[in-house]
Amino acid sequence: MSDDDAPENEKDQAPAEPPQGQPAGRVGAQRAAAGGQTFQGLASLRQALAGARPTPTAAAPTPLPTVPVDVQPKRDALGRSYATGKRKNAVARVWIKPGNGKIEVNGRDSPTYFARPVLRMLLNQPFVVTDRLGQFDVWCTVTGGGLSGQAGAVRHGISKALTCYEPGLRPVLKHGGFLTRDSRVVERKKYGKAKARRSFQFSKR
């Protein structure tokens, strides 16, 4: 049986041979080169897309508003500035004057009245932001609310008193949110509920 008599399906199943006169290694090299060109094309496409995207620019810092030059400090005959601070149900009356950083609340030192370090940190925040730590003495009376609300009221009063004593500090304190009265208060109880939103235990029968 000759080669011509072989079935056609066997000829189809035979592996394709490289063209005559061209070694098989050169064909593999050509295919690899084509694949490399494809990857290079993808890389250049990514670079083109990246170049087309707008580069994000850093947002310019918002300039602080300036204080009018005609604003005069508000001080009494003893050289003190007074302000009222509020937070929740607490109201604080605050006087400040130049000193060594002593804070007196209702006739007691602040470490005695506000035993928690977090509350004492609240009192010093206006001085830290304005770089006036240890330069003013504070005398205040506070009523209403709990210790947390009273500390917030004193901080609010200190911030407002600083703007009265030194108007140039107002932009820094305003930017930090120290001059804004926090309007969050406890929510009222509703009838038909145990508390403001707490419902009674449900009983199916």
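This text goes with the structure placed above it.
Residues numbered from 1 in each chain as written. Predicted model: local features only at pLDDT ≥ 70, side-chain atom pairs only at ≥ 80, totals over all residues. Heavy atoms only, no water.

Chemist: So what about the overall build of the protein? Which residues, and what values?
Modeler: A count of helices and strands for the protein gives six helices and five strands. Its helices and strands taken in sequence order, the protein reads α-α-β-β-β-β-α-α-β-α-α from the N to the C terminus. Relative to its full complement of 205 residues, the protein shows a buried share of 23%. In the structure as shown, the protein presents an accessible area of about 15000 Å², 55% of it carried by carbon and sulfur atoms. (Helix = DSSP H or I, 4+ residues; strand = E, 2+ residues; numbered from the N terminus. Buried < 20%, exposed > 50% of the residue type's maximum accessible area, 1.4 Å probe, protein only. Areas by Shrake-Rupley, 256 points an atom, 1.4 Å probe, with all protein chains shown as cover.)

Chemist: So what's going on with the packing of aromatic side chains? Residues and values would help.
Modeler: Considering all chains together, one arrives at five aromatic pairs under this definition. Taking the centre distance of 6.3 Å and the plane angle of 20 degrees together, the rings of Phe127 and Phe136 count as stacked. Taking the relative accessible area as the measure of exposure, Phe127 reaches 3% and is therefore buried. Summarising the aromatic geometry, the rings of Phe136 and Tyr165 are spaced 5.2 Å apart at their centres and angled 85 degrees between planes, so their arrangement reads as edge-to-face. Residue Phe136 is found in strand E5 (residues 136-143), and its partner Tyr165 is found in helix H5 (residues 147-165); the two are separated by 29 residues along the sequence. (Phe/Tyr/Trp six-rings, centres within 6.5 Å; stacked < 30°, edge-to-face > 60°.)

Chemist: Tell me what's going on with H5, and back it up with residues and numbers.
Modeler: The terminal C-alpha atoms of H5 lie 26 Å apart, and with 19 residues this matches the ideal 27 Å at 1.5 Å per residue to within 8%. Across the 19 residues that make up H5, a large majority, 15, are buried. (Expected span 1.5 Å × (residues − 1).)

Chemist: Please provide a residue-by-residue account of the packing of helix H4 (residues 117-129) against H5, values included.
Modeler: H5 packs onto H4 with a crossing angle of 10 degrees between their chain directions and a minimal axis gap of 9 Å. By the angle between their axes, H4 is roughly parallel relative to H5. From H4, Leu119, Leu122, Leu123, Gln125, Pro126 and Phe127 reach across to H5, where they touch Leu147, Ser148, Ala151, Val154, Arg155, Ile158, Ser159 and Leu162. Its residues assigned to classes, the contact of H4 with H5 comprises ten nonpolar, three polar and one charged. (Axes fitted to C-alpha atoms, helices over the stretch in contact; angles between N-to-C directions. Parallel < 35°, antiparallel > 145°, perpendicular 65-115°, else oblique. Contact = heavy atoms within 4.5 Å. Nonpolar A, V, L, I, M, F, W, Y, C, P; charged D, E, K, R; others polar.)

Chemist: Mind laying out the environment of Ser159, listing which residues take part and the relevant values?
Modeler: Mapped onto the fold, Ser159 is located in helix H5. The buried category is assigned to Ser159, whose relative accessible area is 0%. In the structure, Ser159 is positioned 20 residues away from Leu179 in sequence and 6.2 Å away in space, judged by C-alpha atoms. Aside from chain neighbours lying at most four places away, what touches Ser159 is Pro126, Leu173, Phe178 and Leu179.

Chemist: Lay out the pairing of strand E2 (residues 90-98) in plain terms, naming residues and giving numbers.
Modeler: In terms of strand pairing, strand E1 (residues 81-87) meets E2 through seven bridges, oriented antiparallel. Counterpart to Tyr82 in the pairing with E2 is Trp95. Between E1 and the antiparallel strand that follows it, E2, lie two residues; Lys88 among them carries a positive phi value of about 55 degrees. With eight bridges connecting them, E2 and E5 associate as antiparallel partners. Bridging from a neighbouring strand, Lys97 pairs with Asp137 of E5. (Pairing = 2+ DSSP bridges.)

Chemist: An account of a nonpolar patch on the surface is requested, with residue identities and associated values reported.
Modeler: Together, Leu42, Leu45 and Leu49 make up a nonpolar patch on the protein surface, roughly 270 Å² of accessible area in all. Relative to the elements of secondary structure, Leu49 occurs in helix H2 (residues 24-52). (Patch = residues over 30% accessible without salt bridge, like charges linked within 9 Å, V, L, I, M, F, W, Y side chains within 5 Å. Salt bridge = Lys/Arg side-chain N within 4 Å of Asp/Glu carboxyl O.)

Chemist: A description of the side chain of Gln150 should follow, citing residues and the corresponding values.
Modeler: Turning to its location among the elements, Gln150 is positioned in helix H5. A relative accessible area of 7% means that Gln150 is categorised as buried. Setting aside residues no more than four positions away along its own chain, Gln150 makes contact with Ala90, Tyr113, Phe114, Val142, Thr143, Gly144 and Gly145.

Chemist: Now, about the sheet that holds E5: what can you tell me, with residues and values included?
Modeler: Reading across from one edge, E1-E2-E5-E3-E4 is the order of the five strands in this open sheet, with mixed pairing throughout. If you trace the sheet from one side to the other, it starts and ends with E1 and strand E4 (108-109), each paired once. As defined by bridge partners, strand E3 (residues 103-105) adjoins E4 across two bridges and the pair is classed as antiparallel. Across the sheet, the residue bridging to Glu104 is Asp109, located in E4. Contacts from H5 reach E1, E2 and E5 within the one sheet, and its direction differs from that of E1 by about 145 degrees.

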